[in-house]
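What follows is each chain in one-letter form.
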Amino acid sequence: MQTLHVDADTWMHRLSPRVKLLALTAFGVLLFLTQSIVLLACANLVGAALYLRCGLPVAEALKRLRPILVSIAVLAIFAAIVGPLNAAIVTALRLTALALFAATVTATTSMAAFIDEITALATPLERLGLLKAADIGLAIGLVIRFVPEILDRYRAIREAHQARGIKIRLATTLAPLIILTLRDADNIAAAIDARGIRRQ
């Protein structure tokens, strides 16, 4: 299974995962507190500079962000059609900046560090009997690991359709993607149970 983590040695990689996650949370809150296009544009420049220095080639870095950037563009166009242009620009800049910072944190934090940090942050809730911290960490870690896997499966299905001359439609690609994803989820769950990773 793939990972979004980039194996490099930058100052962002050496920064504590907790600091990065807390900074990302604070940054996200601040983004939604401002309506200034200038401030949001500056945030995008800072986010892009950090992301492009996390050890990825520029082409690969842009390729990773392409799906989310396309989604943001579609959302912005729709917002511009149904509402003020200024609001659409603010929305696009806000979401793009957040995506850049989130991608930077994901690229510079290993999966093990993610799971350990989330487990530690969830421990107080476990003491209250609300959940199992280890299960939360494991679940979020698996979700992050599944993202590139699902994208690769979608590309493979799309290329298979193109090779057979089948028109690419949501109905013809979504069903096999869901089936393959659920099959992998069952296999992973069985492997986790077999190794006794989840506590009873």
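This is a predicted model, so every value here is computed, not measured. (Residues numbered from 1 in each chain as written. Predicted model: local features only at pLDDT ≥ 70, side-chain atom pairs only at ≥ 80, totals over all residues. Heavy atoms only, no water.)

## So, the layout of surface pockets
Here comes step 1: Quantified by volume, the second largest pocket comes out at close to 240 Å³.
Here comes step 2: Listed by contribution, the elements that provide at least two residues to the lining of the second largest pocket are α4 (58-82), α7 (133-163) and α8 (170-195).
Here comes step 3: At five residues, α7 tops the list of elements feeding residues into the lining of the second largest pocket.
Here comes step 4: The residue inventory of the lining of the second largest pocket, partitioned by class, reads seven nonpolar, one polar and four charged. (1 Å grid on protein atoms, 1.4 Å probe; cavity = no way out; pocket = protein on both sides within 12 Å on 5 of 7 lines; lining within 4 Å. Points joined across faces, edges and corners; volume = space filled by probe spheres on them. Helix = DSSP H or I, 4+ residues; strand = E, 2+ residues; numbered from the N terminus. Nonpolar A, V, L, I, M, F, W, Y, C, P; charged D, E, K, R; others polar.)

## What to know about the packing of α4 against helix α5 (residues 85-107)
Here comes step 1: At a closest axis distance of 8 Å, the pairing of α4 and α5 adopts a crossing angle of 165°. Judged by the inter-axis angle, α4 sits roughly antiparallel to α5. Here α4 and α5 pass one another in a crossing that is right-handed. Residues R64, L65, I68, L69, I72, L75, A76, A79 and A80 of α4 lie in contact with α5, whose contacting residues are L85, A88, T91, A92, L95, T96, A99, L100, A103 and A107.
Here comes step 2: Considering only residue class, the contact of α4 with α5 consists of 16 nonpolar, two polar and one charged. (Axes fitted to C-alpha atoms, helices over the stretch in contact; angles between N-to-C directions. Parallel < 35°, antiparallel > 145°, perpendicular 65-115°, else oblique. Left-handed = near helix turned anticlockwise from the far one by under 90°. Contact = heavy atoms within 4.5 Å.)

## Here's the deal with the UniProt feature "transmembrane region" (unreviewed entry) in the protein chain
Here comes step 1: If you check UniProt for "transmembrane region" (unreviewed entry), the listed places come out as residues 21-48, 68-88, 95-115 and 127-148 in our numbering.
Here comes step 2: Helix makes up 82% of residues 21-48 and strand 0%, whereas the separation of the span's terminal C-alpha atoms amounts to 18 Å. (UniProt positions renumbered as here; feature names shortened; annotations may be inferred.)

## Focus: the pattern of salt bridges
Here comes step 1: Under the defined criterion, the tally for this structure stands at one salt bridge.
Here comes step 2: The partner of R64 in a salt bridge is E60, and the shortest N-O contact between them spans 3.7 Å. Of this pair, R64 and E60 both sit in helix α4, four residues apart, roughly one helical turn.
Here comes step 3: A relative accessible area of 25% places R64 in the partly exposed class. (Salt bridge = Lys/Arg side-chain N within 4 Å of Asp/Glu carboxyl O. Buried < 20%, exposed > 50% of the residue type's maximum accessible area, 1.4 Å probe, protein only.)

## Some thoughts on helix α6 (residues 111-127)
Here comes step 1: Here α6 contains 17 residues, and its C-alpha end-to-end distance of 24 Å stays within 8% of the 24 Å for a straight helix at 1.5 Å per residue.
Here comes step 2: For α6, the principal kink sits at L121 and spans about 35°; a proline, P124, occurs within the next four residues.
Here comes step 3: The set of residues buried in α6 consists of M111, A113, F114, E117, I118 and A122. (Expected span 1.5 Å × (residues − 1). Bend = angle between axes of the 7 residues up to and from the residue.)

## Here's the deal with α4
Here comes step 1: The end-to-end C-alpha distance of α4, which contains 25 residues, comes to 34 Å, matching closely the 36 Å that a straight helix rising 1.5 Å per residue would cover.
Here comes step 2: Of all the bends found along α4, the most pronounced is centred on R66 and spans about 50°, while P67, a proline, follows it within four residues.
Here comes step 3: Within α4, the full set of buried residues consists of A61, L65, I72 and A76.
Here comes step 4: If you follow the buried residues of α4, they end up packed against α3 (37-51) and α5.

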